[in-house]
Structures are given as structure tokens and as C-alpha cells.
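# Observations on chain architecture
Below, each chain spelled out in residue letters.
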Amino acid sequence: MAKLPKPDQLLNIDFRPPKTGWTETPVDFRPGTWLYPGKPESLQTVGLPNPRQWSPEDEDWKLPENWKEIILEGLRERLGKFRSLQLFMDTCVRCGACADKCHFFLGSGDPKNMPVLRAELLRSVYRKDFTTAGKIFGKIAGARDLTVDVLKEWFYYFFQCTECRRCSVFCPYGIDTAEITMIARELLNLVGLNIDWIVTPVANCYMKGNHLGIQPHGLVDSFEMLTDDIADITGVQIELSFNRKGAEVLYIPPSGDVFANPGTFSLMGQLMLLHEIGLDYTLSTYASEGGNFGLFTSHEMMKRLNAKMYAEAKRLGVKWILGGECGHMWRVINQYMDTMNGPADFLEVPVSPITGTRFDHAKSTKMIHITEFTADLIKNDKIKLDPSRNDNYKVTFHDSCNPSRAMGLLEEPRYILQKVCNNFYEMPEETIREKTFCCGGGAGLGADENMEMRMRGGFPRANAVRYVHEKHGVNMLSCICAIDRAVLPPLMHYWVPNVDVCGVHELVGNALVMKGEKKREENLRFEPIRTEEDEDV
Amino acid sequence: MGLKFSLLMVTALILGVFLGVEALGLSYLFGVIIPYIALATFIIGFVYRVVKWGKAPVPFRIPTTCGQQKSLSWIKQNKIENPSTTSGVVARMALEVLFFRSLFKNTKAQLVDGQRLVYQWEKWLWLGGLIFHWSFLIVVIRHFRFFLEPVPAFVRLIEKLDGFFLVDLQNVYLTGVLLLVAITYLFIRRVFIPQVRYVSLAADYFPLFVIMGIALTGILMRYFTRVDVVAVKELALGLFTFNPTVPEGISILFYIHLFLVCVLISYFPFSKLMHMGGIFLSPTRNMANNNRAVRHINPWNYPVKVHTYEEYEDEFRDKMRAVGLPLEKDGTEGEKEAATTKE
Ligand code: HEM
Ligand code: SF4
Ligand code: SF4
């Protein structure tokens, strides 16, 4: 694995474009910036084309003989299927408003990381084969042939976009480079170009229900470890149920939270909360993954993986579905699930049995976000909270890309944070809510081998955290995304040491006063709680 | 390269009219035939492009949400930046089309001291763009004076407002000047901002030069060389009433002006200028974020291969039983049978 440069070396960013035009500037597959290709077995498991051993560093990528035909045919098909693609190919005026909105550009200075040029990588090929001007005038019209080198460039840069949609907020026509990247990745997948950090979770999720490929008994064990920890900390023993028919609610968290800190703490908080209010819910081992790396593969793969949620809800006969803290999961649920796998006419409009609130905004999809659910509980005074148990923390909140820009879930988590902790500080306006910066590892790019690129892409986010860290002493970065919880800790360690990462519900779990609990001396991390009495001493 | 190429093209085009009209006497070609062809190309091409876009399905509802969603009743929704109703969408689109709302969000990111990212105020592109487009629109409306007799009241009104300023006892139309200033600014920024220059193609410079040429010749005609307005109106009215004539004594400047307009409108449907139509169709802006309340239909939704619960249980039945997970098919009998038959 490539050696990670020191932060000040990394910040030696040259924003001047190279002397050579972008079509003449070849890609440099420098270690630390790209990801390992998909393992053939994983491709086989889900029936993706051209499974083989290969490496981006090799000259020969072992493409199928008619690869060019496949890609161009695939592009033609998708132009017919997506108005978005046609429009986004045709309407860009190259005004450059999106250029410095991409975290990868800000962290690398590489002009091909400007959303406009990322899109031009595909657009230039589109012009050549699908527009009159491009066919006649060729290069001068910005058209170019699809060659192996172009394909390699696609692989490099379309797996260097986290589909965060920040660029689309600023584009006067709403051109969404994430949409272009999604379709470009579909095309790449047609000839077997993909990355292992996506394909293997996809294959695992398909066969075993979750990204890590944990089998049912393993999953049950892992959950039990969490309830054991909860019992140690609170004295309250929680019983969970799995695959239980007749429960009112199916609860689907992202599996990442089951296995790795600090996600586990956040999941514990959710389990404690659901226990405390006595919700009649079940977990599922079959639909044990909220996340969906199909989103990063193709629309079809997204649908194949997502199908489990409704299928399982139907099999178990629940009334509605509750989803955990995960970013891209909610892009799929909010913008794709109902269209792809609905209508969910076997479910009912979600109603909180505790508060009676009817979640009409989810009356068709029948799935609500845990922060919507919890905010409603708090607003209706249904749970007892002691925010001082989070007094160790000065908290800020990282909006995950997808809940902000593909949903608009902005105030729910903030409302909760205000109620569960006493010290909350916002990062600067330009870096939160719909303008939030990506963690640098979304859309399947959270691997280790591209660590340098992750640190670069995450720099704008880290920079904003550092600002509140220095100004207010912020030491806890809260979020509502499992990928964030996996990739933000190393990012903080690299750029802003002394800032930790947590899920919003970890802080809920800390603050939650449970019936029959013992005196809480430790928070969910087994760290001593600094209580008011301690301070008096 | 794109810059030089475009400049060369526009120069060649101007030279073409000059030779055509002055040397070859092709004033009917440039005054009548080409304008008709250009207009036909524009209309047919524009409609064709929009219809082509319109025919492509919108499989998913993918608005970019730029504000709080509609969820709990006590959380204030941002009804415009994250609309959940048609009227919200209309308001959002109106702000985009009339005031370039998204562009107004623009900032400039800068790395200071080599380690801090700051986001600076940067609305020049928005301002320049807005001035350019509004001036362009008003200039176009003012031109109806040449095509319509009597001149409609709203055209007169706009003229009056626009010509409010007097310079040397002569009305100066503000928009004409602003148009030229704004388009020049857009050109300058394209050349001087390194990143923008790096992504620019011939197709980005070309319309700028053409529009500059149009504005420049227009201003020259109006304020400096004094073209024969009566003759021009006769030509324009003739074109408009399909009764074309070419009066004598119209200056070459006018033919250049007219020809560049023809170039612009016939180029329009084949180029990025189609953003005028595209902006209305953009799915990230013109859709409501009511995804979870109202199901969106994908016309080409097709069944896909999934891994069913039954297949899953078949694979893990024993392990599931071992940890006490409920099963659809207990399967113990079947296994016993299988075991006995094996023996
Ligand atoms: C509904 C109508 C239209 C809308 C909403 C619109 C909007 C925009 C926006 C937001 C930009 C980007 C910012 C800028 O450079 O100003 C732009 C660029 C541009 N528009 Fe329009 N436009 C419209 C119609 C037109 C028309 C009729 C023309 C005429 C020829 C035109 C010519 C241009 C040009 C040349 C640019 C690029 C400027 C540059 O190179 O920087 N637009 N338009
Ligand atoms: S902001 Fe939009 S129109 Fe401008 S360069 Fe970027 S994608 Fe193109
Ligand atoms: S979607 Fe995000 S990562 Fe991709 S180009 Fe746009 S800003 Fe960059």
C-alpha cells in the first residue's frame, strides 16, 4: 500500500491547470489514489460481466474484444432511458460555477476533478457519436474517440467522485455530476471495470443480506454483544427479536453499525431507545443491511439489493419500516425504493404507536428515518433525557451528503442534538446543510488503498471541523451515516486529532434515562461520565 | 485553440457578408433568403430538440434538495428550495429561470496560508450573467418595433424606460450598452480564470463573439453611422409579412448585423444555447421532493433477479435453527430422509 504523505505535504496543492490540454494529459495511476479492482468471485456471484484478475497498473485490462461496441451501445440505451443524461450532456455551458464546489478538486487541484471536466470525460465521447456537431467537426467541437486510454481515465475519475451532489446545488441548470457518474459506472461495469470495495459488499449483501457477509448466527451473536454491553453500562437487559412475524415494525439499520466502533455505540443508543419506549419491532437477518452498494454499481443492482426490504416486510407481516442512521441508504429509500420495488400496498402509513403521530410524508414508501421517529418522541415528551451525561463532549454535526441533498433531512437530527447535549456548535454555513462537504469516502470509495485521495477529498470537511475545534473546542463530530462513522475517524486523526466521531443516537443513548437503570457511571464507550456532582467536588 | 478558431470563424463570416453584399451584390440572399432559412432552422431545430428531450422518460424522481424537507408538522419546511408541491416547484423554477437562483449561491473557495479553506463572496458571474440575459431579452423585445406596425404599447413602454438616459441630447438604450459590457465580462472571465479557460471549447467562445459582433454592429448603427431606419423597417416588415423586398441604400453594417443574428439563431439548436429549453426540463430542479408520499412511476421498470428469502433460508437453515431463529420450513424431516437415503 502506498505511503500516506504528511498533512503539510498534502496541502501543497497546485491549482494551476497543466500546460497541456485536458485531452492530452494522460492519467497517472499513482498508488494511493485509486482502488483495487473487483474480485472475480464477487462479480460471478451477482452475474456481472467479465470477471477476471486484473490491475489498473497493467497495460492490458483484459477487456472483452468488442468493449467499445458494448459501451457505446450501453450509452445509447441509457440516453433513451434517462432524460437526465441527455440534458446533462447537452446543456452545460462550462461556466465553471461547479468547479471549486467539489471536495476532490479542492483537495487535489486536479482539474479533472472539477465536476464540469468529470462530466466532459463522458460528454466528449457522447459528442463524437451522438451529436451532429461532434460528428462533423470532431475535436474542435470537443468530441473525441472512445479509446482504451479514455476508458482508463473514466475508471480513474468516475471512481474518484463520491456521488455527493454538491456540484448540482450550484449549477444553474441543476446538472448533477453524481447522476453522470452513476451512469458512467454502469457503463464501466458492462465491460467488467469496477472496484472491489463496491463489488464484494454487493455480492455479500446479495447472498447473505449484509455488506460484510455475516451469516445469520454471526449477526445474532454480534447484536448480543451489543446488548451485553448495554446491560453492563445501564443494568438493563434488552431482549431482541429477529425475523419475527407479526411485529409491528421492521427495523433496518446499516450493518456497518453492528460490527465497528463508533457505529456500534450509535446502534446501541437506538436499541436502548426502542426498548425504552417498548416498540414492538423485529430485526431481520435476511434484510440486515440498510446500505445499498448497488447504488454505486448500477440502477439494476440497486433494485436487486433493495428488493429485500419490502420482501421481508411483507413476509413478516409488519405494518411499516424504520430505517437507521445511514446516508446513501436514504438516497435509495427516499428517491428510488418505491419506484423500483413498490407499491408497498401491503404496509400501512407509519404511525408512531407511542405518540400517535402519523408520518404522512412517508405514506407511500412507508418507511421513516430513525431521526424523524426520535425527534417526534422528544417533541412529545415521551422519553426522559439527561443531556448533562454528554457534557464531556462539545458536539458539531456533519450533514451526510445524501440525507441533505437527496432528501432534506436537516433539522430532525439537529433538534435531537439540541435536546441530548448541552454543547452544540455549527460548522460554517458554507460547509453544512445542503452545502455540506463529503467525508471523502462515500459512494464506495472508503477503502484503504486510496487513503491519500480520501484525505484529500475529506480535507474541506476536516478544515471546517478544525475551525470549530479551534474556536469552540469541539471534540465530537456527530453524523447520521455508517460510512461517515467508518471514514471520518481516520480523517479526523489525520487532519484534526482530538476530535472523535459518533452517531447522533450514541448521544441519545447516553442521555436516555431508562426505567430501572443503575446509576450511569460510564457512557456507551465505557468512558467515565463527568457528572454535575463531580464538578461540585 | 478554441478561442482562435472561434474568432477566425466569426471574422470569416463577417468578411463573407461584406464580400457578398458589397462585391457580389447578394443583398437579396443576405437580406431575405438567409434570414428565412435561419429562422426555419431555429424553430424546427429548437422544437426538435425539446421534443427529443421531452420524449426521454424520467425514470426516477431525483430533485436536488436544498433545504429542509417536509416531514414533521412542527419542523419548518423550506417550500421553495425543497418543494413538495407543484406550486413550490413553480416558485423554485421561476427563481431559477428569472433570477438564476442556484448561481446566486456561488462562492469562491480559496486556500489561504496554504492550509485554511475559506469561501469568499463571488456573485460576479451571477451578476454578469443576469445582466447579459435580461439585456438580451429587452433588446430582443425592443426589436419588435421593426417587425410590427403599429408598434405595440408594451414595446413602446420598454423603449421609454430603457431609453431613459440622455447623452448629448440623444436617448441611449441602457440595455444595448449593458449587453455589450456583460458579454465582454463573460468573455474576459472565461479567458482569465485559469480553470474556466481550461475547460472552454470553441463552442464556448463562438457564441460570445457572435453576440459581441451583434451588439457592436447594433450600437455602431444606432449611435455612430446612422443607418437608414426607414429602409430597415421596410425590409423587416416585408420579411415579417412574407412579402420580402430589399430597399436600396441599407448600409453594410446592417447586413453584418442581420447575418450574425442569423448565424446565432441557426447555430442555437445545435449548441449549448439550448440551455434555454433545457433548464425547464432539468429533473433535479423541476420535480417535487414528495418521493415518500407519492409513488413515482418508472415507465421502463422491469423485473430483476433477486435472492429470495427462501433461497437464503435454504442456505443457512441449520445455522439459523441453531441460534433459535424462526424458520419458514423446518426441514429437519427432509434432512433426516436425505441422511437415510444417503446411507
Ligand atoms: C430561459 C432563458 C435562459 C436562461 C434561464 C439562461 C440562463 C443562463 C445561465 C444561468 C447561464 C450561466 C451563467 C452565465 O454565464 O450567464 C447562461 C449562460 C449563457 N447563456 Fe443563457 N439563459 C437563457 C437563454 C439564453 C439565450 C436566449 C441566449 C442567447 C443567445 C443565451 C446565451 C448564453 C450564453 C452565450 C451563455 C454563456 C456565457 C459564458 O460563456 O460565460 N442564453 N444562461
Ligand atoms: S455549473 Fe453547470 S453549467 Fe456551469 S460548468 Fe458546471 S455543470 Fe456546466
Ligand atoms: S458529485 Fe460530488 S464528488 Fe462528484 S463531481 Fe460532484 S461534487 Fe465532486
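Nothing here was measured: the structure is a model prediction, and the numbers come from that model.

## Here we look at the interface of chain A and chain B
Contact residues are listed per partner, giving 116 residues for chain A and 90 residues for chain B. Of the roughly 8,800 Å² buried where chain A meets chain B, counting both sides, 60% is carbon and sulfur surface. Area buried by chain A at its contact with chain B is led by Arg 83, Arg 94 and Thr 339 of chain A, which between them contribute 9% of it. One can count six salt bridges joining chain A with chain B. In this structure, the salt-bridge partner of Arg 295 of chain B is Asp 338 of chain A, at a minimum N-O distance of 3.6 Å. Counting every contact that joins chain A to chain B gives 70 residue pairs in polar contact (both at pLDDT 80 or more).

## Focus on the pattern of salt bridges
On inspection of all chains with the given rule, the structure shows 53 salt bridges over all chains. For Glu 153 of chain A, the salt bridge identified is with Lys 112 of chain A, shortest N-O distance 2.6 Å. A residue pair is termed long-range when its members are at least 10 positions apart, and Glu 153 of chain A in helix H8 (residues 148-158) and Lys 112 of chain A in the loop between helix H5 (103-108) and helix H6 (115-130) qualify at 41 residues. Under the relative-accessibility criterion, Glu 153 of chain A is labelled buried at 4%. Between Glu 149 of chain B and Lys 233 of chain B there is a salt bridge; the shortest N-O distance is 2.6 Å. With Glu 149 of chain B in the loop between helix H6 (144-147) and helix H7 (153-162) and Lys 233 of chain B in helix H11 (residues 229-240), the pair connects residues that are 84 residues apart, well separated along the chain. Under the relative-accessibility criterion, Glu 149 of chain B is labelled exposed at 53%.

## Focus on helix H8 (residues 174-192) of chain B
All names here are of chain B. Here H8 contains 19 residues, and its C-alpha end-to-end distance of 26 Å stays within 8% of the 27 Å for a straight helix at 1.5 Å per residue. All of the buried residues along H8 are Thr 175, Gly 176, Leu 179, Leu 180, Ala 182, Ile 183, Leu 186, Phe 187, Arg 189, Arg 190 and Val 191. Tucked inside the fold, the buried residues of H8 contact helix H1 (2-23), helix H5 (124-142), H7, helix H9 (194-199) and helix H10 (202-225).

## Concerning a nonpolar patch on the surface
Residue and element names in this part refer to chain B. A contiguous nonpolar patch, built from Leu 24, Leu 26, Tyr 28, Leu 29, Ile 33 and Ile 37 and spanning about 540 Å² of accessible area, is present on the exposed surface. Looking at the secondary structure, you find Ile 37 in helix H2 (residues 27-55). By relative accessible area, Ile 37 is classed as exposed at 52%.

## Observations regarding a positive patch on the surface
A cluster of basic side chains, namely Lys 363 of chain A together with Lys 70, Lys 76 and Lys 79 of chain B, defines a positive patch on the protein surface. Checked against the element boundaries, Lys 76 of chain B lands in the loop between H2 and helix H3 (86-99). Judged by its relative accessible area of 72%, Lys 76 of chain B is exposed.

## Digging into the sheet that holds strand E7 (residues 500-503) of chain A
Residues and elements named next belong to chain A. The strand order across the open sheet built from three strands is E5-E6-E7, with neighbouring strands paired in parallel fashion. Two strands close off the open sheet at either side, each with one partner strand: strand E5 (395-397) and E7. Strand-to-strand, the axes of this sheet are offset by a mean angle of 35 degrees, without reference to chain direction. Across the sheet, helix H22 (residues 482-495) lies against strand E6 (476-479) and E7, angled at about 165 degrees from E7, the strand it touches most.

## A closer look at the nonpolar core
Judged by nonpolar contacts, the single largest core of 178 residues is most densely connected at Leu 122, Leu 151, Trp 154, Leu 193, Tyr 336, Met 492 and Trp 495 of chain A. Ignoring anything within four residues of it in the chain, the contact list for Met 492 of chain A reads Ala 462, Val 465, Leu 477, Pro 497, Val 499 and Val 501 of chain A.

## What to know about the coordination of the iron atom of ligand 1
Residues and elements named next belong to chain B. The protein atoms donating to the iron atom of ligand 1 are His 133 (NE2) and His 275 (NE2), with metal-donor distances spanning 1.9 to 2.0 Å. If you look at the iron atom of ligand 1, its six donor atoms make angles of 85 to 179 degrees with each other, and the shape they trace is octahedral. Of this pair, His 133 sits in helix H5 while His 275 is found in helix H13 (residues 275-281), placing the two residues 142 residues apart along the sequence.

## Considerations on the site of ligand 3
Residue and element names in this part refer to chain A. If you check the shell around ligand 3, you find Cys 102, His 103, Pro 115, Arg 118, Cys 161, Thr 162, Glu 163, Cys 164, Arg 165, Cys 167, Thr 177 and Ala 178 and nothing else. Looking at the shell around ligand 3, the elements with two or more residues in it are H6 and helix H10 (177-190). Within the shell around ligand 3, the residues separate by chemical class into six nonpolar, three polar and three charged.

## Brief notes about the sheet that holds strand E4 (residues 367-369) of chain A
Residues and elements named next belong to chain A. Taken in spatial order, the four strands of this open sheet run E2-E1-E3-E4, and their pairing is parallel. Only two strands of the sheet have a single partner each, and these edge strands are strand E2 (281-282) and E4. As defined by bridge partners, strand E3 (residues 320-323) adjoins E4 across three bridges and the pair is classed as parallel. Each residue of the ladder has a partner; that of Ile 321, found in E4, is Met 367. Most of the contacts of helix H16 (residues 327-341) go to E4, to which it runs at about 145 degrees, and overall it touches strand E1 (249-252), E3 and E4.

## Thoughts on the domain arrangement of chain A
Residues and elements named next belong to chain A. For chain A, the assigned domains are domain 1 (23-193) and domain 2 (202-531). Put simply, the middle of domain 1 and the middle of domain 2, counted by C-alpha atoms, are 31 Å apart. Taken together, the contact between domain 1 and domain 2 spans 35 residues of the former and 40 residues of the latter. Around 3,100 Å² of area is buried between domain 1 and domain 2 when both sides are counted, 63% of it from carbon and sulfur atoms.

Definitions and cut-offs
Sequence order sets the numbering: in each chain, residues are counted from 1 along the sequence as written. Key to labels: chains lettered from A, ligands numbered from 1, both in the order written. In view of the model being predicted, local features appear only for residues whose pLDDT reaches at least 70, and side-chain atom pairs are presented and counted only at 80 or more, with totals across whole chains, interfaces and linings using the full set of residues. Calculated side-chain values reflect all of the structure's heavy atoms, with hydrogen atoms and water omitted. We call two residues in contact when some of their heavy atoms are within 4.5 Å. As used here, buried area is the combined drop in accessible area, with a 1.4 Å probe, of two parts when they are placed together. We define a salt bridge as a contact between a side-chain nitrogen of Lys or Arg and a carboxyl oxygen of Asp or Glu at a distance within 4 Å. The definition of a polar contact used here is a pair of N or O atoms within 3.5 Å, where within protein one atom must be able to donate a hydrogen and the other to accept one, and adjacent residues in sequence count solely through side-chain atom pairs. In this description a helix means any DSSP run of H or I spanning at least four residues, a strand means any run of E spanning at least two, and both kinds are numbered starting from the N terminus. Accessible area is worked out with a 1.4 Å probe on protein chains only. A residue is then buried under 20% of its type maximum, exposed over 50%, and partly exposed in between. For a helix, the expected span equals 1.5 Å multiplied by the residue count minus one. Here the term patch refers to residues with relative accessible area over 30% and no salt bridge, with like charges joined within 9 Å and nonpolar side chains (Val, Leu, Ile, Met, Phe, Trp, Tyr) within 5 Å. The Shrake-Rupley method, run with a 1.4 Å probe, gives the accessible areas here. Residue values count only the displayed protein chains as cover. When charges are counted, neither His nor the chain ends are considered; positive counts come from Lys and Arg and negative counts from Asp and Glu. Lysine's charge is taken at NZ, arginine's at CZ, aspartate's at CG and glutamate's at CD. Pairs of strands are assigned from DSSP output, requiring at least two bridges between the strands. What counts as an axis is a line fitted to C-alpha atoms, over the stretch in contact for a helix, and the angles between N-to-C directions run from 0 to 180 degrees. To qualify as a nonpolar core, a set must consist of buried Ala, Val, Leu, Ile, Met, Phe, Trp, Tyr and Cys residues joined through side-chain atoms within 4.5 Å. Water is not part of the atom set, so a site may look incomplete; the donors themselves are N, O and S atoms within 2.8 Å of the metal, or 3.2 Å for Na, K and Ca. The rule is simple: four donors are tetrahedral if all their angles sit between 85 and 135 degrees, four are square planar and six octahedral if opposite donors span more than 155 degrees and the others lie between 65 and 115, and anything that fits none of that is irregular. Whether a residue is near a molecule or strand depends on its heavy atoms: it is near if one of them lies within 4 Å of it. Throughout this entry, Asp, Glu, Lys and Arg are counted as charged residues, while Ala, Val, Leu, Ile, Met, Phe, Trp, Tyr, Cys and Pro are counted as nonpolar. The remaining residues, Gly among them, count as polar. Start and end points for every domain follow an automatic or database-based domain assignment.

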